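Examining the three-dimensional arrangement
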Amino acid sequence: MMRDTVKNPTLRNNWTLSEVQALFELPFNDLLFQAQSIHRQHFDPNSVQLSTLLSIKTGACPEDCKYCPQSNRYDTGLTVEKLLAVEKVLVEAQHAKDSGATRFCMGAAWRSPKKKDMPYIVSMVQGVKALGLETCMTLGMLTSAQSKELNKAGLDYYNHNLDTSREYYGEVITTRTYDDRLDTLENVRQAGIKVCSGGIVGMGETQKDRAGLLVQLANLPTHPESVPINMLVRVEGTPLANEEILDSFDFIRTIAIARILMPESHVRLSAGREEMNEELHALAYFAGANSIFCGKKLLTTALPAADKDMALFDRLGIKKEALQVEQCDDQVEGQLLDQLQLIENDKHFYSAAN
Ligand code: SAM
Ligand code: DTB
Ligand code: SF4
């Protein structure tokens, strides 16, 4: 389904900063009532989509994102790992499917994928798709040609976050620009891949910056189908390790306003859940969050245990969202698995440190 103002004129992409700042100033209950009312017009309010993340290439990233444990600029004690073997990725994807996830998101600590990486990445997408899962990747910047190649391979979603407002961005990242990020989102969209884009809160930004981030996302020509709202995971060794924790209600306000601005998008209660209690999770779902990452971990940091998430779903009467479209075609699956077998095992590990 296209989330654009041409296909659906009730959606807006002309939000002004002052309008969104006014939403942040609403009394909490009024804001939540508005968000929940909009949520109910577009989604089953008791359904939450489950994605599972896997870090397919970990650490030694040349970028300087101040929040990130995987940047090679900061000593976070992380164990660096080369690109995983395709088979290993597929085993993890099968576990994710068995645990109820409908989407498998593969993340690499790269500035952008290199030419030599692409065949492995393509095999991963094809293999995960053949298992009947939605596919998502986050690999850094993508060119138009790379986006088209990934679309052809069967990539459903590409995650690339704007992270924060244009104004605050330079305080957090200096090695790639805001416009670089917008260019990648445009390449992905033009290639026909669904867009997953959101940001991080709790990085010392102001409320105006949180409003600015949401305005940028909502004013894209087409709303991202998926909007992850990450609470900063403060990792020892990163420059933001000692950042003050964002007030919980300001976090919930951000989710509620994402829901109001992008009514047909899945809003993901993303990183930071380990530090959130059940009541805060429940409030986030009420504010319109309808997707989470669940599984063993995010990329490098912890997640709540899956049984804890499921126990809360039971207590709240929430069910897991089912796959919207049947992904698995037996004939295609057979062909894809045959293709995967053609790749020799010893070619599955190679140095992809940068
Ligand atoms: N290297 C690629 C890139 O940055 O585009 C993909 C992986 S990167 C880890 C994906 C996203 O994870 C980042 O854009 C950021 O929004 C989020 N992220 C990374 N570290 C985080 C942290 N400590 N807390 C919250 N979100 C984080
Ligand atoms: C997103 O917005 N959040 C996820 C996913 N997209 C790739 C990543 C969160 C990473 C948190 C820190 C870590 O585990 O390394
Ligand atoms: Fe981390 Fe991605 Fe930034 Fe690299 S580009 S430091 S992996 S967020």
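Please read all numbers here as calculations on a predicted model, not as lab measurements.

A tally of regular secondary structure across the protein gives 12 helices and 10 strands. Counting the 354 residues in the protein, one finds 57% classified as buried. Contacts in the protein between residues far apart in sequence, at least 24 positions, make up 77% of those at least 6 positions apart. Carbon and sulfur atoms make up 51% of the accessible area of the protein, which amounts to about 15,200 Å² in all.

Let us now look at the site of ligand 3. Cys-61, Glu-63, Cys-65, Tyr-67, Cys-68, Ser-71, Ala-109, Trp-110 and Arg-176 make up every residue found near ligand 3. Of the residues belonging to the shell around ligand 3, the class tally is 6 nonpolar, 1 polar and 2 charged.

The next subject is the packing of helix H3 (residues 86-98) against helix H4 (residues 118-130). Running from N to C, H3 and H4 cross one another at 30 degrees; their axes reach a closest spacing of 10 Å. Classified by the angle between their axes, H3 and H4 sit roughly parallel to one another. With respect to the hand of their crossing, H3 and H4 are arranged in right-handed fashion. Across the interface between the two elements, Val-86, Val-89, Leu-90 and Ala-93 from H3 touch Tyr-120, Ser-123, Met-124, Gly-127 and Val-128 from H4. Per-class residue counts for the contact of H3 with H4 are 7 nonpolar, 2 polar and no charged.

Moving on, we get to the packing of aromatic side chains. Taken as a whole and assessed by the stated rule, the structure comprises 3 aromatic pairs. Each ring, one from Tyr-169 and one from Tyr-178, has its centre 5.2 Å from the other, and the planes form 75 degrees; the classification is edge-to-face. The interplanar angle of 75 degrees and the centroid separation of 5.9 Å between the aromatic rings of Tyr-285 and Phe-313 together place this pair among those described as edge-to-face. Residue Tyr-285 is located in helix H10 (residues 278-287), and its partner Phe-313 is located in helix H11 (residues 306-316); the two are separated by 28 residues in the primary sequence. As far as burial versus exposure is concerned, Tyr-285 and Phe-313 are alike and both buried. A cation over an aromatic ring shows up here: Arg-103 above the ring of Tyr-157, its NZ or CZ 3.7 Å from the ring centre. Taking the ring centre of Phe-293 as reference, the NZ or CZ of Arg-268 above it sits at 4.4 Å.

As a structural note, the neighbourhood of ligand 1 is formed by 17 residues, with Tyr-67, Thr-138, Asn-161, Asp-163 and Val-233 the closest of them. The backbone of Trp-110 places a nitrogen or oxygen atom 3.2 Å from a nitrogen atom of ligand 1. Side-chain polar atom of Asp-163 to an oxygen atom of ligand 1: 2.8 Å apart, as the coordinates give it. If ligand 1 stood free it would expose 550 Å²; the protein chains cover 91% of that surface. Among the residues forming the shell around ligand 1, the class breakdown is 10 nonpolar, 5 polar and 2 charged.

Every α-helical turn comprises 3.6 residues, leaving residues that sit three or four positions apart pointing alike. Taking 1.5 Å per residue, 12 residues should reach 16 Å; helix H8 (residues 207-218) reaches 16 Å between its end C-alpha atoms and fits that length. Across the 12 residues that make up H8, a large majority, 9, are buried. Tucked into the core, H8 has its buried residues touching helix H1 (17-25), helix H6 (166-172), strand S6 (199-201), strand S7 (226-231) and helix H9 (248-261).

As a further point, take the nonpolar core. Core analysis: the biggest nonpolar cluster contains 93 residues, and Ile-56, Tyr-67, Met-137, Leu-150, Phe-251 and Leu-261 have the highest contact counts within it. The biggest single contributor to this core is H9, with 8 residues. Each residue touching Leu-261, except ones within four places of it in the same chain, is listed here: Arg-12, Trp-15, Val-20, Leu-23, Leu-214, Val-215, Ala-218 and His-223. Membership of the second largest hydrophobic core comes to 8 residues, among which are Leu-53, Cys-136, Ala-271 and Leu-298.

With that out of the way, let us pick up the environment of Leu-23. Note that Leu-23 resides in helix H1. In sequence terms Leu-23 and Gln-34 are 11 residues apart; their C-alpha atoms lie 9.9 Å from each other. Residues in contact with Leu-23, not counting those within four places in the same chain, are Trp-15, Leu-31, Gln-34, Ile-257, Ile-260 and Leu-261.

On to the packing of H10 against H11. Between two packed helices, what matters for the description is the angle formed by their axes and the separation of those axes. At a minimum axis separation of 11 Å, H10 and H11 run at an interaxial angle of 60 degrees. Classified by the angle their axes make, H10 and H11 are oblique. As H10 runs across H11, the sense of the crossing is right-handed. Residues Glu-278, His-281, Ala-282 and Tyr-285 of H10 touch H11, and the partners they reach there are Asp-309, Leu-312, Phe-313, Arg-315 and Leu-316. For the contact of H10 with H11, the per-class residue count stands at 5 nonpolar, 1 polar and 3 charged.

Definitions and limits used
Residues numbered from 1 in each chain as written. Chains lettered and ligands numbered in written order. Predicted model: local features only at pLDDT ≥ 70, side-chain atom pairs only at ≥ 80, totals over all residues. Heavy atoms only, no water. Helix = DSSP H or I, 4+ residues; strand = E, 2+ residues; numbered from the N terminus. Buried < 20%, exposed > 50% of the residue type's maximum accessible area, 1.4 Å probe, protein only. Contact = heavy atoms within 4.5 Å. Areas by Shrake-Rupley, 256 points an atom, 1.4 Å probe, with all protein chains shown as cover. Near = heavy atom within 4 Å. Nonpolar A, V, L, I, M, F, W, Y, C, P; charged D, E, K, R; others polar. Axes fitted to C-alpha atoms, helices over the stretch in contact; angles between N-to-C directions. Parallel < 35°, antiparallel > 145°, perpendicular 65-115°, else oblique. Left-handed = near helix turned anticlockwise from the far one by under 90°. Phe/Tyr/Trp six-rings, centres within 6.5 Å; stacked < 30°, edge-to-face > 60°. Lys NZ or Arg CZ within 6 Å of the ring centre and 35° of its normal. Polar contact = N/O pair within 3.5 Å; in protein donor to acceptor, adjacent residues only side chain to side chain. Expected span 1.5 Å × (residues − 1). Core = buried A, V, L, I, M, F, W, Y, C linked by side-chain atoms within 4.5 Å.

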